[in-house]
Amino acid sequence: MRTLLKFPLFPAFVGFVCAAACSQQLDAPHVNTTRVGASASGGATAASGNVGSGGSVSVPTHTGGASSQTQLGGAASVVPTATGGAAALAGLPCEVASLLAAKCAACHSGSLPNVPRLLSPADFQLPAKIGGTLGEASVTQMASGVMPPAPPPASAAEQKAFSDWVAAGAKPTTCGAPPPVLPPDPYATPVTCTSKKQWTLGDHGSKLMRPGGACISCHAMTGDAPMFALGGTVYPSAHEPDDCNGSAAASVTVIVTDANGMDHSLPVNDAGNFSTEASIPFPYTARVEASGKVRAMVAKQMDGDCNGCHSESGANGAPGRIMAP
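To start, this report covers the structure provided alongside it. (Residues numbered from 1 in each chain as written. Predicted model: local features only at pLDDT ≥ 70, side-chain atom pairs only at ≥ 80, totals over all residues. Heavy atoms only, no water.)

Some thoughts on the overall build of the chain
For step 1, the next point in the chain: Within the chain one finds eight helices and nine strands.
For step 2, the next point in the chain: Counting over 325 residues, the chain shows a buried share of 41%.
For step 3, the next point in the chain: Considering only intrachain contacts with a sequence separation of at least 6, the fraction spanning at least 24 residues in the chain is 57%.
For step 4, the next point in the chain: Surface accessibility of the chain: about 16400 Å² in total, with carbon and sulfur atoms responsible for 58%. (Helix = DSSP H or I, 4+ residues; strand = E, 2+ residues; numbered from the N terminus. Buried < 20%, exposed > 50% of the residue type's maximum accessible area, 1.4 Å probe, protein only. Contact = heavy atoms within 4.5 Å. Areas by Shrake-Rupley, 256 points an atom, 1.4 Å probe, with all protein chains shown as cover.)

Next comes the structure, spelled out in structure tokens:
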């Protein structure tokens, strides 16, 4: 045993302590492992001291680790693991990657039994046994001083960087660059009547009547209404109620491309409605053009009753209303 003590004990001992503490607080209900001594060859040398209940298992030591070992405070993408292999840190802010590489990844690489893997944003988003996510549980462990189990502990600056990242959702990012800013989802909007104008004349015949309604289905139930081959309503936002007037801009036009590749231009009226009684060979595709901008529907369609799918909340895979670009 004296010979073993001449070699670094930190990684192996951390693995032992982390297995006990982490399994109880973060992931597993108990752990069966043994304390190990480090050897120059990186092999496993079992000692005594079972944690939890049941049998014991030898854990490989760390001294035969990878040559790309990350130094304290570094933010390399590869760190040594408790088994002497290499584990990748990916999708992390620089400060978080540095903290994990220096003080966490040796045990939390996924190589130790009953110790949760904590190397990526996805790992920290997983549920913890004690509730919340593994990221939230890790914040609590650091604040209480339980983790990291061996000196030096995580500094106040390291804890803040980690805590702020977890509080923001532990989202993937690139070290040295801010997370990408995605454009807003045009369909993630509330129900609203943008025009603040409503059709109030019921079934009184007019090209401006019942914007937003499934006109072809409705007309099929009457004997004197025109039979459209295709019709619908264009709106300025994604979730607008029936009978609310849509986009009235003179520049808004619906272009329907039929099965033969021929374009049919359908003007949009003051209520946002468009329609045609002309025969259109199906299947077709459509696009809305306005002031040089285009919003296209590339999937081929076999139903000309556009508002039947492009309703207030959307149906049959449509996310909501037909929107002007």
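Things to note about the environment of Ala 315
For step 1, the next point in the chain: Tracing the chain through its elements places Ala 315 in the loop between α8 (306–309) and β9 (322–323).
For step 2, the next point in the chain: You can call Ala 315 partly exposed: its relative accessible area is 26%.
For step 3, the next point in the chain: Apart from residues lying up to four places away in sequence, Ala 315 is in contact with Gly 308 and Cys 309.

Overview of the pairing of strand β7 (residues 284–290)
For step 1, the next point in the chain: Of the two faces of β7, the one holding Tyr 284, Ala 286, Val 288 and Ala 290 is buried and the one holding Thr 285, Arg 287 and Glu 289 is not buried anywhere.
For step 2, the next point in the chain: With five bridges joining them, strand β4 (residues 253–257) and β7 adopt antiparallel strand pairing. Bridge pairing links Thr 257 to Thr 285 in β7.
For step 3, the next point in the chain: Pairing analysis gives six bridges linking β7 to strand β8 (residues 293–301), with the strands arranged antiparallel. Bridge pairing in β8 places Ala 286 opposite Met 297. (Pairing = 2+ DSSP bridges.)

Quick look at the sheet that holds strand β5 (residues 263–267)
For step 1, the next point in the chain: An order of β5-β4-β7-β8 is seen for the four strands of this open sheet, with the pairing classed as antiparallel. In this open sheet, the two edge strands, each paired with only one partner strand, are β5 and β8. Each adjacent strand pair in this sheet contributes to an overall mean axis angle of 20 degrees, direction not counted. (Axes fitted to C-alpha atoms, helices over the stretch in contact; angles between N-to-C directions.)

Quick notes on the nonpolar core
Within soluble globular proteins, side chains that are nonpolar tend to cluster in buried spots.
For step 1, the next point in the chain: Core analysis: the largest hydrophobic core is formed by 21 residues, its most contacted members being Leu 92, Leu 100, Phe 124, Phe 162 and Trp 165.
For step 2, the next point in the chain: When residues of this core are assigned to their parent elements, the largest contribution, five residues, is made by helix α3 (residues 94–103).
For step 3, the next point in the chain: In this view, Phe 162 contacts Val 96, Leu 99, Phe 124, Gly 135, Ser 138, Val 139 and Met 142; residues no more than four positions away in its chain are not counted.
For step 4, the next point in the chain: With 16 residues, the next largest nonpolar core counts Val 234, Val 268, Val 288 and Cys 306 among its residues. (Core = buried A, V, L, I, M, F, W, Y, C linked by side-chain atoms within 4.5 Å.)

Examining the environment of Ala 299
For step 1, the next point in the chain: Mapped onto the elements, Ala 299 comes out in strand β8.
For step 2, the next point in the chain: Assessed through its relative accessible area of 42%, Ala 299 is described here as partly exposed.
For step 3, the next point in the chain: As a C-alpha pair, Ala 299 and Thr 285 span 14 residues in sequence and 6.4 Å in three-dimensional space.
For step 4, the next point in the chain: For Ala 299, the contacting residues outside a window of four places in its chain are Tyr 284 and Thr 285.

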